[in-house]
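A closer look at the structure
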Amino acid sequence: MATGAVEELTSTLDVAARPSWSPDGSRLVFANVVIDADGSNLQQFAPADLFRGTEGEFAVSLAAPQWVPDGSLIAFASFHDRLINGNSQRLNDIYVVRPDGTSLRRLTTDTLESLGPDEIGDFGAGFPAWTRDGHLTFSRYPTPQDAAFELWVMDRDGSNAQQLDPSDAAALTALGCGSCAYPGTNAIDLGLPSPIAFWVPAR
């Protein structure tokens, strides 16, 4: 920031995706890998088969993986894009894992639901974000597609999941969101399969 110099991390060229910083600023996480800030020590934290496009290629969701405030866990959304009768069905779930790739745990099971051959769109849970006290907020894609996105919160082990009212500003502030996804509209209005607004409380 002081110099304005841009450094390309060449070791990341084959796994480009949206990154996020570790709490101490020493590492970056993106796609299914963790890397030191200088571009060294590239390590996989989640298996590649959790991220698949329609042709079986490696593909990731729009949301970057997120570090818990104490740095001990990474939350991320899986991504499976498949074509059925020419319709794209993107299936997502929330996982947590330690930065070294151990203790991988699936927290949502939305993608277990059987989808009809004519269903189209994005399904399941995505856009995880940590609260200051280590809970996870996330969005659930609407069904049907013109419904509003749902905002949820759960414990870091996936228990005690409950839906939130995104219009209740006091409740969101009390929740301790730092940059929690705010489902203020729907997929059709956005033209994109993702919420684009974020709740950031005053400090």
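Residues numbered from 1 in each chain as written. Predicted model: local features only at pLDDT ≥ 70, side-chain atom pairs only at ≥ 80, totals over all residues. Heavy atoms only, no water.

1. Notes on the overall build of the protein chain
Our working definition: Only DSSP runs of H or I reaching four residues or more are called helices, and only runs of E reaching two or more are called strands; each is numbered from the N terminus. Here a residue-residue contact requires only that any non-hydrogen atoms of the pair lie within 4.5 Å. Surface exposure here means Shrake-Rupley accessible area, sampled with a 1.4 Å probe, where a residue is shielded only by the protein chains that are shown.
Along the protein chain, the regular secondary structure elements total two helices and 17 strands. Of all intrachain contacts in the protein chain linking residues separated by at least 6 positions in sequence, the fraction that spans at least 24 positions is 48%. For the protein chain, the accessible surface area stands at approximately 10,500 Å², while carbon and sulfur atoms represent 51% of it.

2. Examining the packing of aromatic side chains
Convention followed: Geometry of aromatic contacts follows a simple scheme: Phe, Tyr and Trp rings, the Trp one being its six-membered ring, pair when their centres are within 6.5 Å, and the pair is stacked under 30 degrees between planes, edge-to-face over 60, tilted otherwise. Think of it in three bands: residues with accessible area under 20% of the maximum for their type are buried, residues over 50% are exposed, and the middle band is partly exposed, with areas taken using a 1.4 Å probe on protein chains only. In our convention, an over-ring charge means Lys NZ or Arg CZ found within 6 Å of a ring centre and within 35 degrees of that ring's normal.
Tallied over the entire structure, the rule returns five aromatic pairs. Residues F51 and F76 carry aromatic rings whose centres are separated by 5.7 Å and whose planes lie at 35 degrees to one another, so their mutual orientation is tilted. Taken together, the residues F51 in strand 5 (residues 51-52) and F76 in strand 7 (residues 74-77) connect sequence positions 25 residues apart. Of the two residues examined, F51 and F76, each falls in the buried class. Residue placement shows R140 over the ring face of W152; its charged tip is 4.2 Å from the ring centre.

3. Brief notes about the side chain of R140
Stated formally: Polar contact is defined as a pair of N or O atoms within 3.5 Å, subject to the rule that within protein one atom must be able to donate a hydrogen and the other to accept it, and that residues adjacent in sequence are counted only when both atoms are side-chain atoms.
As for its placement among the helices and strands, R140 is situated in strand 13 (residues 136-140). For R140, a relative accessible area of 15% puts it in the buried group. Only 2.6 Å separates the side chain of R140 from the side chain of D110, close enough to count as a polar contact. Once residues lying within four places of it in the same chain are set aside, the contact partners of R140 are T108, D110, G124, A125, F149, E150 and W152.

4. Focus on the pairing of strand 3 (residues 33-36)
The condition that has to hold: Should DSSP find at least two bridges between two strands, the strands are taken to pair.
Pairing between strand 2 (residues 27-30) and strand 3: four bridges, direction antiparallel. Residue pairing for strand 3: V29 is matched across the bridge by V34. Here strand 3 runs beside strand 4 (residues 43-44); their pairing, made up of two bridges, is antiparallel. Its bridge partner lying in strand 4, V33 is registered against Q44. Count of turn residues in the strand 3/strand 4 antiparallel hairpin: six residues, of which G39 carries a positive phi of about 95 degrees.

5. A look at the sheet that holds strand 10 (residues 94-97)
Ordered by their spatial adjacency, four strands build an open sheet running 6-7-10-11, and the pairing between neighbours is antiparallel. The sheet terminates laterally at strand 6 (66-67) and strand 11 (105-106), the two strands that pair on one side only. The pairing of strand 10 with strand 11 spans two bridges and is antiparallel. Bridge pairing links V96 to R105 in strand 11.

6. Details of the pattern of salt bridges
Just so we agree on the cut-off: By definition, a salt bridge exists where a carboxyl oxygen of Asp or Glu is found within 4 Å of a side-chain nitrogen of Lys or Arg.
Scanning all chains against the criterion turns up five salt bridges. Between D70 and R156 there is a salt bridge, and its shortest N-O distance comes to 3.9 Å. Of this pair, D70 sits in the loop between strand 6 and strand 7 while R156 sits in the loop between strand 14 (150-154) and strand 15 (162-164), and the two are 86 residues apart along the sequence. D70 sits in the exposed class, given a relative accessible area of 52%.

7. Quick word on unusual backbone geometry
In the Ramachandran plot, N41 falls in the positive-phi region, its phi being about 60 degrees despite a non-glycine side chain. Mapped onto the elements of the fold, N41 is located in the loop between strand 3 and strand 4. A residue is classified by how much of its surface remains accessible, and N41, at 44% relative accessible area, is partly exposed. The backbone phi angle of N160 is positive, close to 55 degrees, even though this residue is not glycine. Inspection of the secondary structure assignment puts N160 in the loop between strand 14 and strand 15. Relative accessible area serves as the criterion here: at 57%, N160 is assigned to the exposed category.

8. Side note on the sheet that holds strand 12 (residues 121-130)
Sheet architecture is open: seven strands sit in the order 5-8-9-12-13-14-15, paired in mixed fashion. In this open sheet, the two strands that pair with only one neighbour each are strand 5 and strand 15. Where strand 5 lies against strand 8 (residues 79-84), two bridges are found, and the strand directions are parallel. Residue pairing across strands places R52 opposite H80, the latter belonging to strand 8.

Bear in mind that shape data such as this cannot, by itself, settle questions of function.
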